[in-house]
Amino acid sequence: MNVKTNENVSLKGEGLLETMRETIKDGLIPSKIFHDEDIYKLEKERLFSKTWNFLAHESEIPNNGDYVVRYIADDSFIVSRDNKGEIYVNLNSCSHRGMELCNVERGNSSHFRCPYHGWTFKNDGKLIGVPLEKKIYGNDSGLRQTCSLVSPQVGVYNGLIFACIDQNAESLEEYLGDFKWYLDIYTNKTSGGIEVVGAPQRWVAEANWKTGSDNFVGDVYHVQVTHRGNFEVAAKLTNTDIGSIDMHTTGGVQVTAGKGGLCLIEVPPGMVAGMPDLFHESIKENLPEQLAVLNSEQFSLKELNGTIFPNFSLLTTPSVQLPDGTIAVPHFLTLRVWRPIDSGKMEIWSWVFVDKGAPEWYKERAYKEYVTTFGPSGTFEQDDAENWQGITKIAKSSMAKDRYLNYTMGMKNNNADEIPNWPGPGKAYSSAVNEANQRNFFSLYLDYLSKK
């Protein structure tokens, strides 16, 4: 969509943001923000350095001494358990000359020794060894008191480990706000919560990181077109009705809450949270408040896709249980981080989780279902990546500087009114086919990039 712009406003960096502040009121987003180097520099400086970012799950480091290496944009961090089982996050950089301390993605170690000069740090970040310390620095060097590894703020919620580079930022609990209520649905269906299966899978896409966040925060509109072929095949294999596509694209509810947004889809009454019978009692025990949304006289919904600002997304798939009780399609949870590499490229991190209380046979089948659908070579994943790469490619073109993308869905039609007396926190809209979540996402985005 084209709109008339002020010729005196530069569509780069600050100027592009100034224009966006005006156009977002009408549901219009500048195409250039999806591939602009000046915007990317501002994102690293004002957004990723100020927000809470997901790094890992506790089940990835179950034993004392376990560690994994993770990232916030281009900053590398070591996430570890010390010998008392406490979780620490430290910048992966020696405090002497800044050398990368750990170049192995995961392992178990009580300490990390710098390969440059040999400074040694405990896995909690404390400096414990300096070669020739007394001879070079003297008996009272004070190094061990002043040269520990740099640590960001760390927060854990339902086993999810987050970090924030800004020491003065609000706490994780405050940051998540009302979205915690919905995050519990994703992560706390069974006793013990969720557990990761294997290491996260990673791949690079020639796409801007915001395309992934945008899609997961509220876009079910694309399903009927982008993924229709997959649903047609699934319907034939399971002898189910292709109407499941309509369930995704016309029914359901969209919710904006705290720093996040999600879509919930309609499921048959009595199928608690869209899960097979074997999970029903556990869900009722673990999520008593959320049953008003998941299984009540008014609502029979299941969580689908969601995003916690800025680049942490969640997706669960609907289970299919046949009339005879056979589970044709199991449920799994995939968590995503859309890690920016530059303005037109991201590294996608994808974790697959299963409910810890589920039977082993179910966990195995759920993992296989993830691999074939939303793994790196999965059919659904390939569909989405093509779209995101196409958006990013066009956003760099010459004509993109005068183009504005249409995010007006739900602004003018009564089909997506706010639901009165919604039993959960946040604002809920009467159709999942809506772009309220995307508009909220980009409003938050503007808020952060406007703070110098």
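The rules we used
Residues numbered from 1 in each chain as written. Predicted model: local features only at pLDDT ≥ 70, side-chain atom pairs only at ≥ 80, totals over all residues. Heavy atoms only, no water. Helix = DSSP H or I, 4+ residues; strand = E, 2+ residues; numbered from the N terminus. Rg over C-alpha atoms; globule rule 2.2 N^0.38 Å. Buried < 20%, exposed > 50% of the residue type's maximum accessible area, 1.4 Å probe, protein only. Contact = heavy atoms within 4.5 Å. Lys, Arg positive; Asp, Glu negative; His and termini not counted. Charge placed at Lys NZ, Arg CZ, Asp CG, Glu CD. Polar contact = N/O pair within 3.5 Å; in protein donor to acceptor, adjacent residues only side chain to side chain. 1 Å grid on protein atoms, 1.4 Å probe; cavity = no way out; pocket = protein on both sides within 12 Å on 5 of 7 lines; lining within 4 Å. Points joined across faces, edges and corners; volume = space filled by probe spheres on them. Nonpolar A, V, L, I, M, F, W, Y, C, P; charged D, E, K, R; others polar. Pairing = 2+ DSSP bridges. Axes fitted to C-alpha atoms, helices over the stretch in contact; angles between N-to-C directions.

### Comments concerning the overall build of the protein chain
Then, in step 1: Tallying secondary structure elements over the protein chain gives 15 helices and 23 strands in all.
Then, in step 2: Computed over its C-alpha atoms, the radius of gyration of the protein chain comes to 23 Å, within 12% of the 22 Å expected for a compact globule of 452 residues.
Then, in step 3: If you line up the protein chain on its principal axes, its C-alpha atoms span 75 × 65 × 40 Å.
Then, in step 4: A buried classification covers 56% of the 452 residues belonging to the protein chain.
Then, in step 5: Across the protein chain, the fraction of contacts at a sequence separation of at least 24, relative to all contacts at a separation of at least 6, is 66%.
Then, in step 6: Computing the positive centroid from 45 side-chain charges and the negative centroid from 58, the protein chain places the two 7 Å apart.

### A closer look at helix H1 (residues 13–23)
Then, in step 1: Taken residue by residue, H1 has Gly13, Gly15, Leu16, Leu17, Thr19, Met20 and Thr23 as its buried positions.
Then, in step 2: Looking at the buried side of H1, the elements it contacts are strand E1 (28–30), helix H2 (37–47), strand E22 (404–406) and helix H15 (436–449).

### A closer look at the environment of Ser313
Then, in step 1: Within the fold, Ser313 resides in strand E17 (residues 312–316).
Then, in step 2: Assessed through its relative accessible area of 0%, Ser313 is described here as buried.
Then, in step 3: Separated by 171 residues in sequence, Ser313 and Gly142 have C-alpha atoms that sit 43 Å apart.
Then, in step 4: Not counting residues up to four positions away in its chain, the partners in contact with Ser313 are Gly212, Ser213, Phe216, Gly306, Thr307, Thr334, Leu335, Arg336 and Trp338.
Then, in step 5: Of note is the side chain of Ser313, whose polar atom sits 2.8 Å from the side chain of Thr307.

### Things to note about the layout of surface pockets
Then, in step 1: When its volume is computed, the second largest pocket comes out at roughly 450 Å³.
Then, in step 2: Elements with a contribution of two residues or more to the lining of the second largest pocket: helix H7 (209–218), helix H14 (379–395) and E22.
Then, in step 3: Residue classes in the lining of the second largest pocket are distributed as 7 nonpolar, 7 polar and 3 charged.

### Let's talk about the sheet that holds strand E10 (residues 153–157)
Each strand in a sheet pairs with another by means of backbone hydrogen bonds, the pair being arranged parallel or else antiparallel.
Then, in step 1: The strand order E2-E11-E10 describes an open sheet built from 3 strands, whose pairing is antiparallel. Each having just a single partner strand, strand E2 (53–57) and E10 make up the two edges of the open sheet. Across the sheet, the axes of successive neighbouring strands diverge by a mean angle of 30°, strand direction being ignored.
Then, in step 2: Pairing of E2 with strand E11 (residues 160–164) involves 4 bridges; the strand directions are antiparallel. Along E11, the bridge assignment pairs Phe54 with Phe162.

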